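Below are the chains, spelled out letter by letter.
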Amino acid sequence: MATRNETNKRVIVLLLDSLMTAPLQKAISNGQAMTFKFLMDHGRFYPEVISPFPTMSVNVDSTLLTGVYSDQHKVPALVWYHQAEKRIINYGSHIRELFKLGLYQSMHDILYNLNNVHLADGVKTIHEEVSLLDKRSASINTLMYRGSATRSLKVPRIIAWLTGSPKTIHVNSPYIFSYGALSKMDPSNRLHYFWRKYGFHDAFSARELIYLIQENNLPDFSLVYFPDGDKSVHKNGPDDVNAIKKADDHLAEILNSFPSREDAIRDNIWIILGDNGQAYIEQDRNEALVDLRNVLDDYRIVKLRQGVTADDEIVLAVNERMAFIYSLDINQLSLGQVAKTIQKESRIDLIAWREGEKVHVISGEKEGELIFQPEGEYRDEYGQTWNIEGSHDILDLNITDKQIRFGNFPDGLGRLYTSFYSHEGEYIIITVKPGYELIGEGSPTHVGGASHGALHKDDSLVPMIVTGIESAPKHFRFIDLKEWIMSMLKQEK
Ligand SMILES: [Zn+2]
């Protein structure tokens with residue numbers, strides 16, 4: 001195999017759900033993550049890369065692939081309310097919720113609408129840009145995958161039968177596309193039977209990547225998603241190293257599928273990345289779970305099965321530790337009024353809503369109000385300027401000489417602000433403090449484990465290991481990764 005110089009190395013991004021810095025370092029010092037260590041020793045380690053808000057995988061993947069926040073890519077979160085279609089979109093938070101929303105509709109949102117309708121037309125994914133360069137890319141098991149080739153997803157017969165979905169769905173994907181049992185490359189990869197989650201697990205992802213390597217068919221850019229860490233950390237808490245140990249075994253298999261590990265790191269750029277962090281959740285169920293139906297029991301809340309009726313006042317779209325709360329008629333029920341009601345619950349961290357260009361933020365715990373909007377005399381760590389009034393403490397802003405440094409909410413102003421432009425509707429955004437999780441009708445819960453979705457650094461900071469290139473992104477945020485990755489791919493062959 002010829003040696004590749006720095007300008008024609010292939011780029012391989014391994015996205016590990018819920019990979020976090022502290023347990024990764026613990027696993028390394030215990031000798032349980034020697035392949036991670038090998039890549040670190042031959043590259044660089046960045047412990048704090050900022051995930052977009054809400055810290056939910058579909059939004060994170062969308063920002064990674066498009067280089068913009070949800071104000072432009074328009075995938076607001078896992079769960080949100082579609083005002084024009086008067087219905088809650090849920091890409092799969094819990095099977096109970098999907099049943100209530102209608103299985104066919106939910107499957108169609110997950111398998112088709114997410115990539116082909118909701119992800120904005122006006123932005124380009126890395127896959128789309130790579131094909132404009134006449135280069136090739138691969139997407140393996142990622143939730144977001146839009147590319148320039150037409151592919152058909154083969155819907156498993158049992159799912160088609162249960163949901164009434166067509167057996168084949170045409171989508172726009174990258175040149176090389178693997179999506180569980182619905183589209184796979186390696187004909188011998190049998191890791192997708194229905195008792196193994198249709199192939200949406202780490203072993204399947206690793207197998208598909210190894211197949212590309214062994215067939216000598218690795219394209220210029222590959223994005224490979226490893227989902228298993230999410231469930232493991234949700235269940236075992238933020239110190240969990242089980243998922244990291246298993247991921248290390250998969251990493252070893254992947255590197256060992258090259259003639260040697262040295263070949264693997266000499267000929268390729270490796271980027272190993274978490275997608276979101278997770279905050280611990282209290283052990284006591286009553287303490288841990290903030291039930292929004294109780295907090296908002298003065299109002300009539302839309303029931304999932306009935307959908308929106310004329311009597312309803314409020315819609316809840318709960319994303320674990322964050323929620324969108326919609327007023328269906330702000331002339332009858334203003335956002336400020338709902339915000340004041342929510343403020344009585346001290347476990348709520350941030351309560352934010354937009355009035356014109358300005359975002360207002362109050363808290364269930366802290367006194368005062370913060371009001372901010374873009375463009376002003378204050379400058380943050382990323383060069384964004386802001387007009388700010390009121391209590392800086394609410395968003396833990398440290399300001400000296402008009403320079404903003406973020407504390408508990410990394411890139412907090414930009415990440416929160418853009419979320420108010422991710423979709424239509426009149427809504428409040430709330431998050432809970434570490435230790436707590438929000439629930440509505442049918443929400444998943446992770447009592448005594450961990451959860452995510454919020455703006456807090458516990459949910460937001462992830463590690464990144466980079467091997468095979470000296471350059472670094474402009475800032476250590478997901479929104480800055482696309483430009484950096486494209487700078488590698490734009491090099492002449
Ligand atoms: Zn999760």
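Each remark here, short or long, concerns the structure printed above.
Everything numeric in this text was worked out from a predicted model, so none of it was measured.

Student: Give me the lowdown on the pairing of strand β1 (residues 10-16), citing residues and values where you can.
Tutor: Burial runs high along β1: seven of the seven residues are buried. By the alternation rule, side chains of β1 split into R10, I12, L14 and L16 and V11, V13 and L15, which are all buried. Note: β1 against strand β10 (residues 268-274), seven bridges, orientation parallel. Of the residues in β10, the one forming a bridge with L14 is I272. Here six bridges tie β1 to strand β9 (residues 221-226), and the two strands are oriented parallel to one another. Considered in β9, the bridge of L16 is made with F226.

Student: I'd like a rundown of the sheet that holds β1, residues and numbers included.
Tutor: Read across the sheet, seven strands follow the order β2-β24-β10-β1-β9-β5-β8 without closing on themselves; strand pairing throughout is mixed. The open sheet is flanked by β2 (44-50) and β8 (176-178), the only strands paired with a single partner. Recorded for the sheet is a direction-independent mean angle of 15 degrees between the axes of neighbouring strands. Looking at chain direction, β10 and strand β24 (residues 461-467) are connected through four bridges and run antiparallel. Residue pairing across strands places I271 opposite V466, the latter belonging to β24. Against the sheet, helix α2 (residues 34-41) engages β1, β2, β10 and β24, with an angle of about 65 degrees to β24. On the sheet, helix α18 (residues 481-489) packs against β1, β9, β10 and β24 and is oriented at approximately 170 degrees with respect to β10.

Student: Explain the packing of aromatic side chains to me, and be specific about the residues and the numbers.
Tutor: Applying the stated criterion across every chain, the model contains 15 aromatic pairs. Centroid distance Y145 to F177: 4.7 Å. Interplanar angle 45 degrees. Geometry classified as tilted. Of this pair, Y145 sits in the loop between β5 (137-140) and β6 (149-154) while F177 sits in strand β8; the two residues are 32 residues apart in sequence, bridging distant segments of the chain. Taking the relative accessible area as the measure of exposure, F177 reaches 3% and is therefore buried. Ring geometry for Y326 against Y427: centres 5.4 Å apart, planes inclined by 55 degrees, an arrangement best described as tilted. Highlighted residues: Y326 in strand β14 (residues 322-327) and Y427 in strand β21 (residues 427-432), separated in sequence by 101 residues. Residue classification places Y326 among the buried positions, given a relative accessible area of 2%. Accessibility expressed as a relative area gives 3% for Y427, which makes it buried. Here a set of aromatic residues connected by ring pairs shows up, and it is made of Y81, F324, Y326, F420 and Y427. Cation over ring: R347 sits above Y436, and NZ or CZ is 6.0 Å from the ring centre.

Student: Go over the pairing of β5 with me, naming the residues and quoting the values.
Tutor: Burial along β5 is two-sided: the face carrying S137 and S139 and the face carrying A138 and I140 are both buried. Where β5 lies against β8, three bridges are found, and the strand directions are parallel. Residue pairing for β8: I140 is matched across the bridge by S178.

Student: Explain the side chain of D380 to me, and be specific about the residues and the numbers.
Tutor: Mapping D380 onto the fold places it in the loop between β17 (370-379) and β18 (385-390). Here D380 is buried and forms no salt bridge, its nearest opposite-charge partner R477 lying at an N-O distance of 6.2 Å. One polar contact links D380 to Q384, side chain to side chain, over a distance of 2.7 Å. Those residues in contact with D380, other than ones at most four positions away along the chain, are W386, I404, F406 and D411.

Student: Would you mind going over helix α1 (residues 21-29) in detail, with residue names and values included?
Tutor: Burial in α1 covers these residues: T21, P23, L24, A27 and I28. Of the surrounding secondary structure, the elements contacted by the buried residues of α1 are α2, β2, α11 (242-256) and β24. Positive backbone phi, at 75 degrees, marks G31, one or two positions downstream of α1.

Student: Outline the pattern of salt bridges, supporting the account with residue identities and numerical values.
Tutor: Following the criterion strictly, the structure yields 16 salt bridges and no others. Between R321 and D459 there is a salt bridge; the shortest N-O distance is 2.8 Å. On the criterion of sequence distance, the pair formed by R321 in the loop between β13 (314-319) and β14 and D459 in helix α17 (residues 457-460) is long-range, its members being 138 residues apart. A single burial state applies to R321 and to D459, both of which are buried. Note that K402 and E377 form a salt bridge whose closest N and O atoms lie 3.2 Å from each other. Placement of the pair is K402 in the loop between β19 (397-400) and β20 (403-406) and E377 in strand β17, with a sequence separation of 25 residues. Residue classification places K402 among the partly exposed positions, given a relative accessible area of 36%. Among the residues examined, E377 registers a relative accessible area of 52% and is labelled exposed. In the salt-bridge network here, residues are joined through shared partners; they are E85, R87 and D109.

Student: A description of the side chain of K135 should follow, citing residues and the corresponding values.
Tutor: Structurally, K135 is set in the loop between α7 (126-132) and β5. For the buried K135, no salt bridge is present, and the opposite-charge side chain at shortest range is D220, 4.9 Å distant. Side-chain polar atoms of K135 contact the backbone oxygen of L489, separated by 2.6 Å.

Student: Any details on unusual backbone geometry? Residues and values, ideally.
Tutor: Going from F53 to P54, the amide bond is cis rather than trans, its omega being -5 degrees. The phi dihedral of K402 is positive, around 65 degrees, even though this residue is not glycine.

Student: Account for the packing of α2 against α11, naming residues and giving values.
Tutor: Between two packed helices, both the angle of their axes relative to each other and the distance between the axes serve to describe the pair. Here α2 crosses α11 at 60 degrees, and the two axes come no closer than 7 Å. As far as their axial angle goes, α11 and α2 are oblique. Together, M34, T35, F36, F38 and L39 of α2 and I244, A247, D248, L251, A252 and L255 of α11 make up the contact between the two elements. Within the contact of α2 with α11, the residues separate by chemical class into nine nonpolar, one polar and one charged.

Each value, and the rule that gives it
- Residues numbered from 1 in each chain as written.
- Predicted model: local features only at pLDDT ≥ 70, side-chain atom pairs only at ≥ 80, totals over all residues.
- Heavy atoms only, no water.
- Buried < 20%, exposed > 50% of the residue type's maximum accessible area, 1.4 Å probe, protein only.
- Helix = DSSP H or I, 4+ residues; strand = E, 2+ residues; numbered from the N terminus.
- Pairing = 2+ DSSP bridges.
- Axes fitted to C-alpha atoms, helices over the stretch in contact; angles between N-to-C directions.
- Contact = heavy atoms within 4.5 Å.
- Phe/Tyr/Trp six-rings, centres within 6.5 Å; stacked < 30°, edge-to-face > 60°.
- Lys NZ or Arg CZ within 6 Å of the ring centre and 35° of its normal.
- Lys, Arg positive; Asp, Glu negative; His and termini not counted.
- Salt bridge = Lys/Arg side-chain N within 4 Å of Asp/Glu carboxyl O.
- Polar contact = N/O pair within 3.5 Å; in protein donor to acceptor, adjacent residues only side chain to side chain.
- Parallel < 35°, antiparallel > 145°, perpendicular 65-115°, else oblique.
- Nonpolar A, V, L, I, M, F, W, Y, C, P; charged D, E, K, R; others polar.

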